[in-house]
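# Geometric and topological summary
Given next are the chains, with one letter for each unit.
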Amino acid sequence: MSGITLVIEDEAWRAHRGLQKRLKEAAAAAARGARLRGGITILLAGDARLRALNHDFRGKDKPTNVLSFPSGADGYHGDIAIAHGVTAAEAKAAGKRFADHAVHLAVHGVLHLGGHDHERPGDARVMEGLEVKILKRLGIADPYAAPAP
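Residues numbered from 1 in each chain as written. Predicted model: local features only at pLDDT ≥ 70, side-chain atom pairs only at ≥ 80, totals over all residues. Heavy atoms only, no water.

### Some remarks on helix α1 (residues 19–33)
Definition in use: The helix count covers DSSP runs of H or I at least four residues long, the strand count covers runs of E at least two residues long, and both are numbered beginning at the N terminus. To estimate the expected span of a helix, count its residues, drop one, and scale the result by 1.5 Å. Type-normalised accessible area, obtained with a 1.4 Å probe on protein chains alone, sets the label of each residue: buried when under 20%, exposed when over 50%, and partly exposed for intermediate values.
End to end, α1 covers 21 Å across 15 residues, agreeing with the expected 21 Å (1.5 Å per residue, within 8%). Among all positions of α1, only L19, L23, A26, A27, A29, A30 and A31 are buried. Of the residues flanking the end of α1, it is R35, one or two places downstream, whose phi is positive at about 60 degrees.

### Remarks on the sheet that holds strand β3 (residues 66–70)
Basically, it comes down to this: Any two strands with at least two DSSP bridges between them are considered paired. For helices, the fitted line uses only the C-alpha atoms of the stretch in contact; every axis is such a line through C-alpha atoms, and the angle between N-to-C directions lies from 0 to 180 degrees. Residue contacts follow a heavy-atom distance rule, with two residues in contact if any of their heavy atoms lie within 4.5 Å.
Taken in spatial order, the 4 strands line up as β1-β2-β4-β3 in an open sheet, and their pairing is mixed. Across the chains shown, the open sheet's two edge strands, defined by having one partner strand only, are β1 (3–8) and β3. Here the strands of the sheet are splayed against their neighbours by 15 degrees on average, with no regard to which way each runs. Sheet topology places strand β2 (residues 39–45) next to strand β4 (residues 76–83); 7 bridges connect them, and they run parallel. Note on β4: the bridge partner recorded for I42 is I80. On top of the sheet, helix α2 (residues 47–58) reaches β2, β3 and β4; it is set at about 50 degrees to β3, its chief contact. Across the sheet, helix α3 (residues 84–94) lies against β2 and β4, angled at about 65 degrees from β4, the strand it touches most.

### With respect to the pattern of salt bridges
Definition in use: When a carboxyl oxygen of Asp or Glu is within 4 Å of a side-chain nitrogen of Lys or Arg, the pair counts as a salt bridge.
If you walk through the whole model with that rule in mind, you get 6 salt bridges. The shortest N-O distance in the salt bridge between D100 and R22 comes to 3.0 Å. Placement of D100 in helix α4 (residues 98–113) and of R22 in helix α1 is noted, with a sequence separation of 78 residues between them. A relative accessible area of 25% places R22 in the partly exposed class. A network of salt bridges, in which partner residues are shared, links R22, R97 and D100.

Here it is as structure tokens:
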């Protein structure tokens, strides 16, 4: 299996015109950046679903923005789940467009599937640098840059 599959579980995701195409393009760009060749599924869900997944797989009883679930299957890299409400709240708080933040989360999730992490400072610099490079190609500003005064 190859390619990016979107599964829309929360209808709120459908309100964002053109976002599905942008998410697929972003995930494909991140897969190329991480040298992944195979399938990826992105679940566009609500906060309740991400809260349940975060609880079940990470022991954290709260919603989160994005989760990645690497696969061990040959030719299939894994799944990503993104929460609509958390994404919207984070975008609003940061003064960013919802679509740009959602694209960033898709890129971030795919890089996790590729083995990147941000737990240690050196790993975070590598992963964030790759995110910034991919997002720039997609026309999205550096999400880690300090906001203009």
